[in-house]
Every structure is written in C-alpha cells, then in structure tokens.
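# Chain and residue survey
Each chain, letter by letter, is given below.
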Amino acid sequence: MAPGSTVRRQVATRGYIFVPRLLSNESTISAVSQLGTIATLAGLDRVQILCPRKRADAPPNIYSGNFGLDAFPFHTDLAHWSLPPRYLALRCIRGAAEVATRLFDSGGIVHAVGQAALRRALVLPRRPVGGARSLLPLLQRIEGVSLFRWDQIFIGPATRTSRATCEAVSSFLAAAPGEHISLAERGDTLVIDNWRMLHGRTGVLTTALSRRVERVYLVNL
C-alpha cells in the first residue's frame, strides 16, 4: 500500500493515483480510510455501488440513465453542487479489464479555452439543489486552490457568453484522448482530485456486465 505522503504527493503532481489491490480483503471504507478522510455527504451513501446498467433500466438522474452501456463523457462529480467533493476514490470489487476509467487534466482546458473566459462563464444546475438553482462558475479559486467543474448533463450555461465558452470546452474535450486506467483486480483503487481532473468511462460490452466498482468521496488525503 502506498504511504500517505506518496498518495498526497502523486495526487498533487498528477491529479490522481492508482493503487493496485489495495487491502483487497477489507471493506472499501476500511481500505480507503488508509488513504484519506472519507466524506459524509447529505443525501448520499458513504459507499456507492457502480455497475453497468442499460439506459432503460436506470433513472434519468444518473449517467447510466443517459448513456446506458455507452461511454460516459468526461465530467467532474457533483459539478452541480456549490462545493463539489475534493477527492473521490473508485475501488474495484469485481473487475473488467476491458473497461477503463478515462482521465483528463483540466489544465489542458484552461490552456486551450483561456482562464479569463472560464472564470467568467456561469452555469446553472439542471435541477434545484437544496431548493435553489445557484449560478456557478466553471473555474474558481477556493483558499488558493483552483476548482474546475464540468458536466454536460447536469449543468448548463446561464448566459450567451457562457454558452460560447461551454461549447469551446465541449469541442476541446471531444478530441481529448485522456489517460486510461482499468480497475481489473479486486482492491484496485483509483483516487482522483475531483477539482482538477475530469473522468469518464469507456463503453461496456456484454462480457463486462458483472463489473462492480465502489465509490467514496474524501475530504482530504
């Protein structure tokens, strides 16, 4: 298992860390707690089970309900929240080597689209959060740390100028290959800086329908 200092250093440098077979005989809570402090978020289970689902079998408020077994586009988790969780961990319970998590550093978007345009761009959640639909910046600074939010389903541009910026981001990401990491073995764990990195999932073939991944959010590392 990677020491805490190694986890923090690599996530700070690369935006993520992959830890193979992390305490594979222990629960996700127990294993991931060795890497950081697990968050308790209102309305969400501490551990969420992610499994492939056909579009018709999933509700519309999750990605499977919009994309089914097709590839999931790049996004940041809970981008429609005023303060998305800082980190997330994906831990393999039942692996599928042919399915990969895609990762892309938002720094490439900032360079291509422009920091000023992204800071000015405002988006709205598709549905109210906590009874309100608050304006949210695509890019902001919180206590000296940059937070980039992106989701083509659950947030949308609030102004004409913001729409142009969002279209520029979408166009850029459409050609962005990203890095691919497969969670193939039980315990394989991927920790992602959710304020910096976008992630997605490749498509799922019928041979991988048994894939099971557990997700937890973390406050710090």
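Because the structure is a prediction, the values reported are computed rather than measured.

What counts and what doesn't
Residues numbered from 1 in each chain as written. Predicted model: local features only at pLDDT ≥ 70, side-chain atom pairs only at ≥ 80, totals over all residues. Heavy atoms only, no water. 1 Å grid on protein atoms, 1.4 Å probe; cavity = no way out; pocket = protein on both sides within 12 Å on 5 of 7 lines; lining within 4 Å. Points joined across faces, edges and corners; volume = space filled by probe spheres on them. Nonpolar A, V, L, I, M, F, W, Y, C, P; charged D, E, K, R; others polar. Helix = DSSP H or I, 4+ residues; strand = E, 2+ residues; numbered from the N terminus. Buried < 20%, exposed > 50% of the residue type's maximum accessible area, 1.4 Å probe, protein only. Pairing = 2+ DSSP bridges. Axes fitted to C-alpha atoms, helices over the stretch in contact; angles between N-to-C directions. Contact = heavy atoms within 4.5 Å. Core = buried A, V, L, I, M, F, W, Y, C linked by side-chain atoms within 4.5 Å. Salt bridge = Lys/Arg side-chain N within 4 Å of Asp/Glu carboxyl O.

### Some details on the layout of surface pockets
One way to see where empty space is left: roll a probe the size of a water molecule over the atoms. The space that makes up the largest pocket amounts to roughly 1,200 Å³. For the lining of the largest pocket, a count of residues per class yields 20 nonpolar, 10 polar and nine charged. Size it by volume and the second largest pocket reaches roughly 160 Å³. Together, 14 residues line the second largest pocket, and Ser106, Val110, Leu139, Ser146 and Trp195 are the ones closest to its centre. When residues of the lining of the second largest pocket are traced back to their parent elements, those giving at least two are helix H4 (106–113) and strand S10 (145–148). Of all the elements, S10 adds the most residues to the lining of the second largest pocket, at four residues. Each residue belonging to the lining of the second largest pocket can be placed in one class, and the counts come to six nonpolar, four polar and four charged.

### A word on the pairing of strand S14 (residues 197–201)
The buried count for S14 comes to five of five residues, which makes it a mostly enclosed element. Side chains of S14 alternate between two faces, with Met197, His199 and Arg201 and Leu198 and Gly200 buried alike. In terms of strand pairing, strand S4 (residues 72–75) meets S14 through two bridges, oriented antiparallel. The residue of S14 that forms the bridge with histidine 75 is histidine 199.

### Focus on empty space enclosed by the protein
Throughout the structure, instances matching the rule amount to one cavity of 30 Å³ or more. Estimated volume of the largest cavity: approximately 40 Å³. Every residue lining the largest cavity is listed: Ala39, Thr40, Leu41, Leu44, Asp45, Arg46, Gln48 and Tyr217. Each residue belonging to the lining of the largest cavity can be placed in one class, and the counts come to four nonpolar, two polar and two charged.

### Overview of the sheet that holds S4
If you trace the four strands from one edge of the open sheet to the other, you get S4-S14-S6-S12, paired in antiparallel fashion. Edge positions in the open sheet fall to S4 and strand S12 (179–181), since each of these has one partner strand only. Each strand of the sheet is rotated relative to its neighbour by a mean of 20 degrees, with strand direction disregarded. Strand contacts of H4: strand S6 (101–105) and S14, with the helix running at about 45 degrees to S6, the strand carrying the most contacts.

### Looking at the nonpolar core
One finds Ile109, Leu118, Leu138, Phe148, Trp150 and Leu173 to be the most contacted residues of the largest nonpolar core, which totals 19 residues. The element contributing the most residues to this core is helix H6 (residues 160–174), with three residues. Apart from residues no more than four positions distant in its own chain, isoleucine 109 is found in contact with Phe104, Gly114, Leu118, Phe148, Val169, Phe172, Leu173 and Leu198. Judged by nonpolar contacts, the second largest core, of 16 residues, contains Ala39, Leu88, Ile192 and Met197.

### Examining the pattern of salt bridges
The final tally for this structure, using the stated rule, is five salt bridges. Aspartate 105 is the partner of arginine 196 in a salt bridge, and the nearest nitrogen-oxygen pair spans 2.8 Å. Of this pair, arginine 196 sits in the loop between strand S13 (189–193) and S14 while aspartate 105 sits in strand S6; the two residues are 91 residues apart in sequence, bridging distant segments of the chain.

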